Amino acid sequence: MSIKDFSLEGKHIVIVGASSGLGRAAAIACAESGAAVSICARREDKLKDVVKTLSGNNHGYAVVDVKDVSSINVGFDCFVDERGPISGMIFAAGISTVRPLSVIDEKSYDETMSINLKGALFCSKAALKNTRSIKNGSSIIFFSSISSYNTVGKGRILYSTSKAGVNGLMRALALDISSMKHRSNALLIGSIKTDIWDVDMVTEEQSAKYLSGSLIGEGEPDDVANACIYLLSDASKWVTGTALLIDGGYTLTE
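Quantities reported herein were computed from a predicted structural model and do not represent experimental measurements. (Residues numbered from 1 in each chain as written. Predicted model: local features only at pLDDT ≥ 70, side-chain atom pairs only at ≥ 80, totals over all residues. Heavy atoms only, no water.)

S.K.: How should the packing of aromatic side chains be read in this particular structure?
M.R.: To describe a pair of aromatic rings, one takes the distance between the centres and the angle between the planes. If you walk through the whole model with that rule in mind, you get two aromatic pairs. Taken together, a centroid distance of 6.3 Å and an interplanar angle of 35 degrees make the contact between F6 and Y230 tilted. Here the residue F6 occupies a position in the segment before β1 (12–16), and Y230 occupies one in helix α7 (residues 221–232), the gap between them amounting to 224 residues. (Phe/Tyr/Trp six-rings, centres within 6.5 Å; stacked < 30°, edge-to-face > 60°. Helix = DSSP H or I, 4+ residues; strand = E, 2+ residues; numbered from the N terminus.)

Below, the structure is given as structure tokens:
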């Protein structure tokens, strides 16, 4: 193995939910590693801003609503037409709400599951549609959470359930796509402060508790982006069906 195994030169990477936060950091890291990057999300203004920050060229975006399967399919077809077969996909889209059982209703359930789980499934399906859309030996990465197996506080029922579903999707998909040497993995991400943390989702007290709980200091978006580079690169060509824990040791003390 050499450092070249970690390069993304010649690869086309699609990042879903790249308009902000961890998805944005992953897009920047992929471009810096030599990939052609296609990003999608709902906010066109933010997507344009991200594309402007990407090093290199042959990057682009599409406005995609992951709750809408037809929107997903149109976006992915556009990416393949513009930049060729996909070498990897990161599903970074997601919502996180704090909602106790007493106030969970069908609308809030459907909203969370449509974005966090349904979106993950149908973006994977779009990427893996046929040999025109994806190269052999490609890599699918799902952003999951430590909340999928070790809840970090009350009111996380919907979020924890959706991310546990993502873990199951990742493992089942790894088995189904193995004949084409494709890989499927997930990142179980701890508490990293990004713009998904707002006053309606996490209180200041909760934020301080989560962010101070790491054994080795506060995590940064680049910590997640670096793990993505590994899982997208040829350095991880024998890694599939794995949930990689990235939490700075938080769950060791819980």
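S.K.: I keep staring at the packing of helix α1 (residues 21–32) against α7 and nothing clicks. Help me out?
M.R.: The description of two helices packed together rests on the angle between their axes and the distance between the axes. The N-to-C vectors of α1 and α7 enclose an angle of 50 degrees; their axes lie 8 Å apart at closest approach. With respect to α7, the axis of α1 lies oblique. For the crossing formed where α1 meets α7, the hand is right-handed. The residues of α7 that touch α1, namely those facing L22, A25, A26, A29 and C30, are P221, D222, V224, A225, C228, I229 and L232. (Axes fitted to C-alpha atoms, helices over the stretch in contact; angles between N-to-C directions. Parallel < 35°, antiparallel > 145°, perpendicular 65-115°, else oblique. Left-handed = near helix turned anticlockwise from the far one by under 90°. Contact = heavy atoms within 4.5 Å.)

S.K.: Just to check I follow, could you spell out helix α3 (residues 69–83) for this structure?
M.R.: One full turn of an α-helix is made of 3.6 residues, so residues set three or four places apart face in the same direction. Over its 15 residues, α3 runs 21 Å from end to end, which matches the ideal 21 Å to within 8%, given 1.5 Å per residue. Regarding α3, the residues found buried are S71, I72, G75, F76, F79, V80 and R83. Seen along its axis, α3 keeps its buried residues to an arc of 165 degrees; they face one direction. Residues V74 and D81 are exposed on α3 and point more than 90 degrees away from its buried face. Looking at the residues trailing α3, positive phi occurs at G84, about 85 degrees. (Expected span 1.5 Å × (residues − 1). Buried < 20%, exposed > 50% of the residue type's maximum accessible area, 1.4 Å probe, protein only. Arc of directions from axis to C-beta.)

S.K.: So what exactly am I meant to see when it comes to unusual backbone geometry here?
M.R.: Comment: phi is negative for the bulk of residues other than glycine, and the bulk of peptide bonds are trans. For N58, which is not glycine, the phi torsion reads 65 degrees and is therefore positive. By the element assignment, N58 lies in the loop between α2 (44–53) and β3 (60–63). Positive phi values are uncommon outside glycine, yet K181 reaches one of about 65 degrees. Inspection of the secondary structure puts K181 in the loop between α5 (157–176) and β6 (183–189). Classification of K181 as exposed rests on a relative accessible area of 62%.

S.K.: How do you make sense of the pattern of salt bridges when you look at a structure like this?
M.R.: As a working rule, side chains carrying opposite charge can pair if their charged atoms are close by. Under the counting rule described, the total for this entry stands at six salt bridges. The residue D45 makes a salt bridge to R43 at a minimum N-O spacing of 2.8 Å. For D45, a relative accessible area of 40% corresponds to the partly exposed category. In this structure, the salt-bridge partner of K67 is E111, at a minimum N-O distance of 3.4 Å. Taken together, the positions of K67 in the loop between β3 and α3 and E111 in helix α4 (residues 106–127) put the pair 44 residues apart, joining distant regions of the chain. Overall, the relative accessible area of 28% leaves K67 in the partly exposed class. (Salt bridge = Lys/Arg side-chain N within 4 Å of Asp/Glu carboxyl O.)

S.K.: Could you clarify how one ought to interpret a nonpolar patch on the surface in this entry?
M.R.: Taken together, the side chains of L215, I216 and L252 present a nonpolar region at the surface, about 390 Å² in accessible area. Mapped onto the elements, I216 comes out in the loop between α6 (204–212) and α7. Under the relative-accessibility criterion, I216 is labelled exposed at 75%. (Patch = residues over 30% accessible without salt bridge, like charges linked within 9 Å, V, L, I, M, F, W, Y side chains within 5 Å. Areas by Shrake-Rupley, 256 points an atom, 1.4 Å probe, with all protein chains shown as cover.)

S.K.: So what exactly am I meant to see when it comes to the environment of D234 here?
M.R.: In this fold, D234 is placed in the loop between α7 and β7 (243–246). For D234, a relative accessible area of 40% corresponds to the partly exposed category. Those residues in contact with D234, other than ones at most four positions away along the chain, are D5 and K11. At 3.2 Å, the side chain of D234 and the side chain of K11 are in polar contact. (Polar contact = N/O pair within 3.5 Å; in protein donor to acceptor, adjacent residues only side chain to side chain.)

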